[in-house]
There are 2 protein chains.
Amino acid sequence: VITVLCANPALDITYRVDRVTRGAVHPVGTVHRRAGGKGANVARVLRQLGEPVRLVAPLGGAGGEEYAADFGPGLVTVPIAAPPRSSVCVLDEHATVFNEPGPELSPDEWEAVVAAVLDVRTDVLVLSGSLPGGVPVDAYARFVTAGVATVIDAKGAVLAAALAAGPDLVAPNLAEAQEILGTDDPYACAAELRARGARGAVVSSGPDGLIAATAAGTWRARPPRVLAGNPTGAGDALTAALARGLAGGAAWPDILRDAVATSAAAVGCETAGEIDPVLHAELVDQVVLEESDVADHHR
Amino acid sequence: VITVLCANPALDITYRVDRVTRGAVHPVGTVHRRAGGKGANVARVLRQLGEPVRLVAPLGGAGGEEYAADFGPGLVTVPIAAPPRSSVCVLDEHATVFNEPGPELSPDEWEAVVAAVLDVRTDVLVLSGSLPGGVPVDAYARFVTAGVATVIDAKGAVLAAALAAGPDLVAPNLAEAQEILGTDDPYACAAELRARGARGAVVSSGPDGLIAATAAGTWRARPPRVLAGNPTGAGDALTAALARGLAGGAAWPDILRDAVATSAAAVGCETAGEIDPVLHAELVDQVVLEESDVADHHR
């Protein structure tokens, strides 16, 4: 089983309006509500792929019940006092987003989250997205040192703090890697993430594909053609595919081909957490994979 | 007891942001959530004034539970399938509002609302705000013909359809009256609302005060000084005070002085449904009341 921790879940609310105008009253045409947060998107993709998955999320209040009802099977709710935050996305031709701050967790609530994650023997643990308030910035490191095979998709101080604990794989996008590493070369980023402690690093940059630096080698993998669309969904699908590949013990070239195809197959889907299985099947054999020794120059 | 029907309740959500920019991602500083809708605001003011009040609202889902928990005592929930709509108000120096459409009620659900309203003998019934989908536009008329003393604060087709049934009092603002009557003279509006069937009409126009046309006479009542602020709160506080005056059997001049003072005492409060009791006490003796026979010319 793959366990996904969504430490800071969000109810994703999408409004369709004619045009967002500051200071105006907007009648909303359609409303869509769903259980979101990066971890939830990762878990949805794994579920769609038929992979046994547990999504652990701290949830309270009426909003927590709505979240649980929407996500459905596979969710392990850790009861907390506060309801999940909402993220409101207002769509006209653009997306105007309002992100609520998450709740503050008490120390006991966070201990209950940790216990729920470690409760079941898991093949791979995915730590995806931000941490809620009240939780130390190096909280992800604790799971790595607990000996669980770990894939981390985080950014900023949370990612930086997790590296030193030696996670199996970190998978930031290029902008996130650049933010903490100071270089915009994806090979250099991937190598530096390993130098700082990660056993493997995948740095993605949208249609340019990804750079993977591992103990077994360094690869570049990219989709056969440019697919424009939903970048959040693509990142979460990439993380899901990487976790699935590690859990299955596949070879890196196969993991990377599948990961690029899975990510590209999410780009065309309007909501994060879905992939187009036909597109995935079509792309997986067309992914362009190049082994490289460039990363060695940066080590 | 005063019964207030909030047929289309809303969870009012307020976000504070730096500046609303179309197409941008906005971290939200503070989030405030409360049980809203015009009827709820009217009932809150009555509760604050110590008046026994029942608020009847159709509510479902987790959002309905949140609504009930927030409103607290006095709420009569009519269980329905759908959760209440939300209304998101994003504050910078302006207010940018996103109003979700309300749920569609089934015929059985609406019958349950009607039964809950008429279940208890009530001194005055307040019908405030819009109707949800699935309910006929003349739905308010049914309560009037049931013989309950009725105060209606509605607009558009809902107000127009209610007039013919002969409600005791209608209380639109001038813009709402103008919309269905085609004149912008408040005396003419008040007289025409009576001519169309209302036994009494109060037409408010913010700092200019109100015109009241009744069987006992026509008055203009206005606050002693201009108070700028929250117009939604002022309108709902006015409705609350009018209902309280009718329930208590006060004379029109006293009802109108109190109503203007109550409305003005809401203007300074940030959230609708509250009044400043000190300001109310200060203003009630200073309200400028003029009896007029102008309305006779329009009858």
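Keep in mind the model is a prediction, meaning the values are calculated, not measured.

1. Describing the overall build of chain A
- Looking only at helices and strands, chain A features 11 helices and 15 strands.
- Here the C-alpha radius of gyration of chain A, 19 Å, is about what a compact globule of 299 residues would show, namely 19 Å.
- Each of the three principal axes of chain A carries a C-alpha extent, and together these read 55 × 45 × 35 Å.
- Counting over 299 residues, chain A shows a buried share of 53%.
- In chain A, 60% of the contacts between residues at least 6 apart in sequence involve partners at least 24 apart.
- Only carbon and sulfur atoms are counted for the fraction: they give 51% of the accessible area of chain A, which is about 11,700 Å².

2. Points about the side chain of glutamate 109 of chain A
Residue and element names in this part refer to chain A.
- Its location among the elements puts glutamate 109 in helix α3 (residues 107-118).
- For the buried glutamate 109, no salt bridge is present, and the opposite-charge side chain at shortest range is arginine 142, 14 Å distant.
- Ignoring any residue separated from it by four or fewer positions in sequence, one finds glutamate 109 in contact with Val78, Ile80, Ala81 and Glu104.

3. Brief notes about the pattern of salt bridges
- Applying the stated criterion across every chain, the model contains 28 salt bridges over all chains.
- Of the charged contacts, one joins lysine 38 of chain A and aspartate 153 of chain A as a salt bridge, the two residues approaching to 3.1 Å between their closest N and O atoms. Remark: aspartate 153 of chain A occurs in strand β10 (residues 150-153) and lysine 38 of chain A occurs in helix α1 (residues 38-48); sequence separation between them is 115 residues.
- Overall, lysine 38 of chain A belongs to the partly exposed group, its relative accessible area being 27%.
- Among the charged side chains, a salt-bridge network with shared partners connects Arg22 of chain A together with Asp92 and Glu93 of chain B.

4. Concerning the sheet that holds strand β8 (residues 95-99) of chain A
- Pairing is mixed in the open sheet, where five strands are placed in the order β4(A)-β2(A)-β7(A)-β8(A)-β3(B). In this open sheet, the two strands that pair with only one neighbour each are β4 (31-36) of chain A together with β3 (25-27) of chain B. Pairwise comparison of adjacent strand axes, ignoring direction, gives a mean angle of 15 degrees for this sheet.
- Helix α2 (residues 61-71) of chain A contacts β2 (10-16) and β4 of chain A of the sheet and is inclined by roughly 85 degrees relative to β4 of chain A.

5. Focus on empty space enclosed by the protein
- Inspection of every chain in the model, using the stated rule, returns one cavity of 30 Å³ or more.
- Considered as a void within the structure, the largest cavity measures approximately 30 Å³ in volume.
- The class makeup of the residues in the lining of the largest cavity is 10 nonpolar, one polar and no charged.

6. A closer look at the interface of chain A and chain B
- Contacts between the two partners involve 32 residues from chain A, matched on the other side by 32 residues from chain B.
- Both sides together, the interface formed by chain A and chain B hides about 2,500 Å², and carbon and sulfur atoms give 55% of it.
- Taken as a group, Arg22, Phe98 and Glu100 of chain A account for 28% of the area that chain A buries against chain B, more than any other trio of residues on that side.
- Applying the counting criterion to the chain A and chain B interface returns four salt bridges.
- Counting every contact that joins chain A to chain B gives 18 residue pairs in polar contact (both at pLDDT 80 or more).
- At the level of secondary structure, the elements contributing two or more residues to the side of chain A that touches chain B comprise β2, β3 (25-27), β4, α2, β7 (85-91) and β8 of chain A.
- Broken down by element, the residue count for the side of chain A that touches chain B peaks at five residues, all from β8 of chain A.
- Considering only residue class, the side of chain A that touches chain B consists of 16 nonpolar, eight polar and eight charged.

7. Here we look at the relation of the copies chain A and chain B
- With an RMSD of 0.0 Å, chain A superimposes on chain B once it is rotated by 180 degrees and translated 0.0 Å along the axis. Those values place the two copies in the arrangement expected of a two-fold rotation axis. Identified as the residue of chain A closest to the rotation axis by C-alpha distance is alanine 62 of chain A, at 2.4 Å.
- With an isologous cut-off of 70% or more, the 100% of interface residues of chain A that recur at the interface of chain B puts this contact in the isologous class.

8. Brief notes about the packing of α1 of chain A against helix α8 (residues 231-248) of chain A
Residues and elements named next belong to chain A.
- At their nearest, the axes of α1 and α8 sit 8 Å apart, and the two run at 60 degrees to each other. With respect to their mutual orientation, α1 and α8 come out oblique. Between α1 and α8 lies a crossing whose hand is right-handed. On the side of α1, the interface is formed by Lys38, Asn41, Val42, Val45 and Leu46, while α8 contributes Thr232, Asp236, Ala237, Thr239, Ala240 and Arg244.
- Tallied by class, residues from the contact of α1 with α8 come to five nonpolar, three polar and three charged.

9. Some details on the pairing of strand β9 (residues 124-128) of chain A
Residue and element names in this part refer to chain A.
- Judged by how many residues are buried, β9 sits mostly within the fold: five of five residues are covered.
- In β9, alternate side chains face the same way, and those of Val124, Val126 and Ser128 on one face and Leu125 and Leu127 on the other are all buried.
- Bridge analysis of strand β1 (residues 2-5) against β9 gives four bridges, and the strand direction is parallel. Looking across to β9, one finds that leucine 5 is bridged to leucine 127.
- Crossover connection from β9 via helix α4 (residues 139-145) to parallel β10: handedness right-handed.

10. Points about the sheet that holds β3 of chain A
- An order of β3(A)-β8(B)-β7(B)-β2(B)-β4(B) is seen for the five strands of this open sheet, with the pairing classed as mixed. Two strands bound the open sheet, and with one partner strand each, they are β3 of chain A together with β4 (31-36) of chain B. For this sheet, the mean angle separating the axes of adjacent strands, direction not counted, is 15 degrees.
- By the bridge criterion, five bridges tie strand β7 (residues 85-91) of chain B to strand β8 (residues 95-99) of chain B in an arrangement that is antiparallel. Pairing of cysteine 89 of chain B across the sheet is with valine 97 of chain B, part of β8 of chain B.
- Contacts between helix α2 (residues 61-71) of chain B and the sheet are confined to β2 (10-16) and β4 of chain B, with β4 of chain B contributing the most and set at about 85 degrees to the helix.

11. Comments concerning helix α5 (residues 156-163) of chain A
All names here are of chain A.
- For α5, the full list of buried residues reads Gly156, Val158, Leu159, Ala162 and Leu163. All buried residues of α5 project into a common sector of 160 degrees when viewed along the axis, lining one side.
- Among the structural elements, α4, β10, β11 (169-170), α6 (174-181) and α7 (186-195) are those in contact with the buried residues of α5.

12. Remarks on helix α6 (residues 174-181) of chain B
All names here are of chain B.
- Restricting attention to buried positions, one finds in α6 the residues Leu174, Glu176, Ala177, Ile180 and Leu181. Along the long axis of α6, the arc covered by the buried residues comes to 165 degrees, so they all point the same way. α6 presents Ala175 and Glu179 as exposed residues on the side facing more than 90 degrees away from its buried surface.
- Looking at the buried positions of α6, the neighbouring elements they touch are β10 (150-153), α5 (156-163), α7 (186-195) and β12 (201-204).

13. What to know about the pairing of strand β6 (residues 75-79) of chain A
Residue and element names in this part refer to chain A.
- Sheet topology note: the strand β5 (residues 53-59)/β6 ladder contains five bridges and is parallel. Paired with alanine 57 across the strands is threonine 77, a residue of β6.
- Regarding the hand of the β-α-β motif, the stretch spanning β5, α2 and β6 is right-handed.

Rules of the game
- Residues numbered from 1 in each chain as written.
- Chains lettered and ligands numbered in written order.
- Predicted model: local features only at pLDDT ≥ 70, side-chain atom pairs only at ≥ 80, totals over all residues.
- Heavy atoms only, no water.
- Helix = DSSP H or I, 4+ residues; strand = E, 2+ residues; numbered from the N terminus.
- Rg over C-alpha atoms; globule rule 2.2 N^0.38 Å.
- Buried < 20%, exposed > 50% of the residue type's maximum accessible area, 1.4 Å probe, protein only.
- Contact = heavy atoms within 4.5 Å.
- Areas by Shrake-Rupley, 256 points an atom, 1.4 Å probe, with all protein chains shown as cover.
- Lys, Arg positive; Asp, Glu negative; His and termini not counted.
- Salt bridge = Lys/Arg side-chain N within 4 Å of Asp/Glu carboxyl O.
- Pairing = 2+ DSSP bridges.
- Axes fitted to C-alpha atoms, helices over the stretch in contact; angles between N-to-C directions.
- 1 Å grid on protein atoms, 1.4 Å probe; cavity = no way out; pocket = protein on both sides within 12 Å on 5 of 7 lines; lining within 4 Å.
- Points joined across faces, edges and corners; volume = space filled by probe spheres on them.
- Nonpolar A, V, L, I, M, F, W, Y, C, P; charged D, E, K, R; others polar.
- Buried area = accessible area lost by both parts, 1.4 Å probe.
- Polar contact = N/O pair within 3.5 Å; in protein donor to acceptor, adjacent residues only side chain to side chain.
- Least-squares fit on C-alpha atoms with pLDDT ≥ 70 in both.
- Parallel < 35°, antiparallel > 145°, perpendicular 65-115°, else oblique.
- Left-handed = near helix turned anticlockwise from the far one by under 90°.
- Right-handed = clockwise from strand over helix to strand, strands pointing away.
- Arc of directions from axis to C-beta.

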